[in-house]
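Here is how the chains run, residue by residue.
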Amino acid sequence: MGNSSGSTVDDLQAVEMHLWYKKFMTECPSGQLTLHEFKQFFGLRGLDPEASAYIEQMFRTFDMNKDGYIDFMEYVAALSLVMRGKMEHKLRWYFKLYDVDGNGCIDRHELLNIIKAIRAINGNENHESTAEDFTNSVFDRIDINGDGELSLEEFVAGARSDQDFMEVMIKSLDLAHIVAMIHNRRHSV
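As named in an unreviewed UniProt entry, the chain is Guanylate cyclase activator 1Aa, taken from Tetraodon nigroviridis.

Draft legend 1. Region of the structure containing the packing of aromatic side chains. What the rule picks out here adds up to twelve aromatic pairs. Aromatic side chains Phe 24 and Tyr 75 sit 5.0 Å apart centroid to centroid with 40 degrees between the ring planes, which places their arrangement in the tilted category. With Phe 24 in helix α1 (residues 2-27) and Tyr 75 in helix α4 (residues 72-84), the pair connects residues that are 51 residues apart, well separated along the chain. Taken as a pair, Phe 24 and Tyr 75 share a single burial class, namely buried. Ring geometry for Phe 155 and Phe 165: centres 5.5 Å apart, planes at 90 degrees, overall edge-to-face.

Draft legend 2. Structural view of the packing of helix α3 (residues 49-62) against helix α5 (residues 87-98). One way to put it is that α3 packs onto α5 with a least axis distance of 9 Å and a crossing angle of 125 degrees. If you check the angle between α3 and α5, you find them oblique. Crossing of α3 against α5: the hand is right-handed. Judged by residue contacts, Tyr 54, Gln 57, Met 58, Thr 61 and Phe 62 of α3 engage Trp 93, Lys 96, Leu 97 and Tyr 98 from α5. Considering only residue class, the contact of α3 with α5 consists of six nonpolar, two polar and one charged.

Draft legend 3. Spatial organisation of the side chain of Asp 143. Summarising the element assignment, Asp 143 is placed in the loop between α7 (131-142) and β4 (149-150). Buried and unpaired, Asp 143 has Arg 108 as its nearest opposite-charge partner, separated by 5.2 Å. One polar contact links the side chain of Asp 143 to the main-chain amide nitrogen of Asp 147, over a distance of 3.3 Å. Beyond its immediate sequence surroundings of up to four residues, Asp 143 is in contact with Val 138, Gly 148, Glu 149, Leu 150 and Glu 154.

Draft legend 4. A look at α3. In this model α3 runs 20 Å from its N-terminal to its C-terminal C-alpha over 14 residues, within 8% of the 20 Å that 1.5 Å per residue would give. Taken together, the buried positions of α3 are Ala 51, Ser 52, Tyr 54, Ile 55, Gln 57, Met 58, Phe 59, Thr 61 and Phe 62.

Draft legend 5. Representation of the packing of α5 against helix α8 (residues 152-161) within the structure. Their axes nearest at 10 Å, the elements α5 and α8 cross at an angle of 125 degrees. By the angle class used here, α5 and α8 are oblique. As α5 runs across α8, the sense of the crossing is right-handed. Across from Met 87, Glu 88, Leu 91, Arg 92, Tyr 94, Phe 95 and Tyr 98 in α5, the residues of α8 making contact are Leu 152, Phe 155, Val 156, Ala 159 and Arg 160.

Draft legend 6. Summary view of the nonpolar core. Judged by nonpolar contacts, the single largest core of 44 residues is most densely connected at Tyr 54, Tyr 98, Phe 155 and Met 169. Those elements that provide at least two residues to this core are α1, α3, α4, α5, α6 (108-122), α7, α8 and α9 (163-172). The residue makeup of this core includes at least three contributed by each of domain 1 (7-84) and domain 2 (87-173). Those residues in contact with Met 169, other than ones at most four positions away along the chain, are Leu 91, Tyr 94, Tyr 98, Phe 155 and Ala 159.

Definitions and cut-offs
- Residues numbered from 1 in each chain as written.
- Predicted model: local features only at pLDDT ≥ 70, side-chain atom pairs only at ≥ 80, totals over all residues.
- Heavy atoms only, no water.
- Phe/Tyr/Trp six-rings, centres within 6.5 Å; stacked < 30°, edge-to-face > 60°.
- Helix = DSSP H or I, 4+ residues; strand = E, 2+ residues; numbered from the N terminus.
- Buried < 20%, exposed > 50% of the residue type's maximum accessible area, 1.4 Å probe, protein only.
- Axes fitted to C-alpha atoms, helices over the stretch in contact; angles between N-to-C directions.
- Parallel < 35°, antiparallel > 145°, perpendicular 65-115°, else oblique.
- Left-handed = near helix turned anticlockwise from the far one by under 90°.
- Contact = heavy atoms within 4.5 Å.
- Nonpolar A, V, L, I, M, F, W, Y, C, P; charged D, E, K, R; others polar.
- Lys, Arg positive; Asp, Glu negative; His and termini not counted.
- Salt bridge = Lys/Arg side-chain N within 4 Å of Asp/Glu carboxyl O.
- Polar contact = N/O pair within 3.5 Å; in protein donor to acceptor, adjacent residues only side chain to side chain.
- Expected span 1.5 Å × (residues − 1).
- Core = buried A, V, L, I, M, F, W, Y, C linked by side-chain atoms within 4.5 Å.
- Domains from an automatic or database assignment.

In structure tokens:
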């Protein structure tokens, strides 16, 4: 009886994967998504410089083999992590995304640019503090050793203990509109 349930889940995952593949290949017939196509694919056009830089960093993070393209497997891996991954894995991925210079730490400037970009993409609605104030507040709360940089350990522990910061991270990769877009286009593919 347990096997029939497992095969149903597997069947659903296979159907979902097939739909993702059809969507990916419809939008990107070459099978390799460029940065420009990535922005179009997710409806990210006309962004300000901070938001554009953030999207470019996201693209580079999704491009796991660093060949300048996102292929279907990289696309699926990224979406699976963001949509279904365990919190620990997501936090590590967020850290990699936010560590723009790749030095293993996130400094105030990197976090500030991410916060500005997220606000630009999601709209600057009803924020109680400026991006600078929010960034300083995050560092005051989670930069445990006070060195002006967030290590992976500080970042993960801080995100788990600071609800405001966790909310910003979740919004930074809120793919609900993308999932809805894929879902809505199932019939048109």
